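# Fold and contact review
Now for the letters of each chain:
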Amino acid sequence: MATYMEMSKEELLQEKAELEARFQEIKEKGLQLDMSRGKPSAAQLDLAMGMMDVLNSSSDLKCRAGVDCRNYGVLDGIPEAQELLADMTEVPANQIIIHGNSSLNIMFDTIARSMTHGVMGSTPWCKLDKVKFLCPVPGYDRHFLITEYFGIEMINVPMTMDGPDMDMVEKLVSEDEAIKGIWCVPKYSNPQGITYSDETVRRFARLQPAAKDFRIFWDNAYGIHHLYDDKQDNLIEILMECKKAGNPDMVYKFCSTSKVSFPGSGVAAIAASPANLEAIRRQMTIQTIGHDKLNQLRHVRYFKDIHGMVEHMKKHADIMRPKFEAVINGLESELGGLEIGTWIRPRGGYFISFDALPGCAKAIVAKAKDAGLVMTGAGATFPYGKDPQDSNIRIAPSYPTPEELAVATDIFVLSVKLVSIDKILESK
């Protein structure tokens, strides 16, 4: 089959008429489908329901250290929870602080603390004329919303298949003292599903920033979220690499069990150097007397250790894998060879990143919505919601049922085809 670019105007108009008829058929069904966010499905949430039974009114509610988890105290988190999340994020247990249910919450607090009180004794960011952050794009919209909320100027850094463009990162951070950080989703990145290469991680660890208070915000949200047993990406550990490079304080590493247990009731943590953790504790001592230790205990008693968690994640993969493959196969069978879009087949994470012809993303998302499919807003994967190419669309396959996903993929490819034809016809 010829690509759309190779077709004559008449052939394109005929193709458009046939596609419009199919689109109208689907539209008349009055569907309501949602692929807007990376939410676990009910089937995934059901996997952890046994956690609700591990504690009851007759349970021993003391942690290993002998502390009554019903009471105040234990600012860093109970030791066994520290061990579990330390193993999950591949750091020593004494380099992690357990928080509440949300790693996003910790990231927000970390930026807020830097704004009001500075980083380890440096000038508070709010007292500086200009504060900037590097943002690998496409990236996670909620990261960008945090820095936008605090009035921090965001600079786009293109993603490559090895991670952010490190030539650009190295140049910018070494020359501009106003650049105070970079957002990273280093494994199965949101939305592309890219894992940073060993060399990229080592170049991060060797950065020589002009700002002494520069920090890498390393959001390892999908560290154990593989789709396959036999094809898994490997990410080398950033804290150790920073220590080896003589930059032990340069990174904050975040993780949570949000997509392991229950997104609304998981356990989150920050890992960092001892000096960074000491600075964080100073704020936490004012902010709280300790997070939810019963929830920490519940997680430890249920998963037991990292091996229990890994086995649990295989069950998630069994639910997620067919969904990802259904979408990818739909893209390949319907759009392969037409040269109107590109995509990456990820090995883990929660998203598929689709790049349409420039100038088409907003129209494709609007077209899909017209047929009853809600997607992440076009532009959301860029700071300020502005994709310079109007090209990137984030596909979130996790929440719909497999049956809904088949229809959703059909709507999406039809929308891509129709919008692309209109775009090509403009030039003919």
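Residues numbered from 1 in each chain as written. Predicted model: local features only at pLDDT ≥ 70, side-chain atom pairs only at ≥ 80, totals over all residues. Heavy atoms only, no water.

The name given to the protein in an unreviewed UniProt entry is Putative aminotransferase, and the organism recorded there is Robinsoniella peoriensis.

## Points about the packing of aromatic side chains
Inspection of the entire model under this criterion finds 17 aromatic pairs. Ring centres of phenylalanine 133 and tryptophan 183 lie 5.4 Å apart, and the angle between their planes is 45°; this geometry places the pair in the tilted category. Residue phenylalanine 133 is located in strand 3 (residues 132–137), and its partner tryptophan 183 is located in strand 6 (residues 179–184); the two are separated by 50 residues in the primary sequence. As far as the burial class goes, phenylalanine 133 and tryptophan 183 line up, both buried. Seen from their ring centres, tyrosine 196 and tryptophan 218 are 5.5 Å apart, and the 85° between their planes marks the pair as edge-to-face. With tyrosine 196 in the loop between strand 6 and helix 7 (198–205) and tryptophan 218 in strand 7 (residues 215–219), this pair connects stretches of sequence that are 22 residues apart. The class for tryptophan 218 is buried, based on a relative accessible area of 0%. Aromatic rings pair up to connect Trp125, Phe133, Trp183, Phe217, Tyr252 and Phe254 into one cluster. A cation sits over an aromatic face here: lysine 231 above tyrosine 228, 4.3 Å from the ring centre. Directly above the ring of phenylalanine 23 sits lysine 367, whose terminal nitrogen or CZ lies 4.7 Å from the centroid. (Phe/Tyr/Trp six-rings, centres within 6.5 Å; stacked < 30°, edge-to-face > 60°. Helix = DSSP H or I, 4+ residues; strand = E, 2+ residues; numbered from the N terminus. Buried < 20%, exposed > 50% of the residue type's maximum accessible area, 1.4 Å probe, protein only. Lys NZ or Arg CZ within 6 Å of the ring centre and 35° of its normal.)

## Some words on the packing of helix 4 (residues 103–117) against helix 5 (residues 141–149)
Interhelical geometry of helix 4 versus helix 5 gives an angle of 25° and a closest axis separation of 10 Å. Classified by the interaxial angle, the pair formed by helix 4 and helix 5 is roughly parallel. Helix 4 and helix 5 meet at a crossing whose hand is right-handed. Residues Leu104, Met107, Phe108 and Ile111 of helix 4 touch helix 5, and the partners they reach there are Arg142, His143, Ile146, Thr147 and Tyr149. Of the residues assigned to the contact of helix 4 with helix 5, the class counts are six nonpolar, two polar and one charged. (Axes fitted to C-alpha atoms, helices over the stretch in contact; angles between N-to-C directions. Parallel < 35°, antiparallel > 145°, perpendicular 65-115°, else oblique. Left-handed = near helix turned anticlockwise from the far one by under 90°. Contact = heavy atoms within 4.5 Å. Nonpolar A, V, L, I, M, F, W, Y, C, P; charged D, E, K, R; others polar.)

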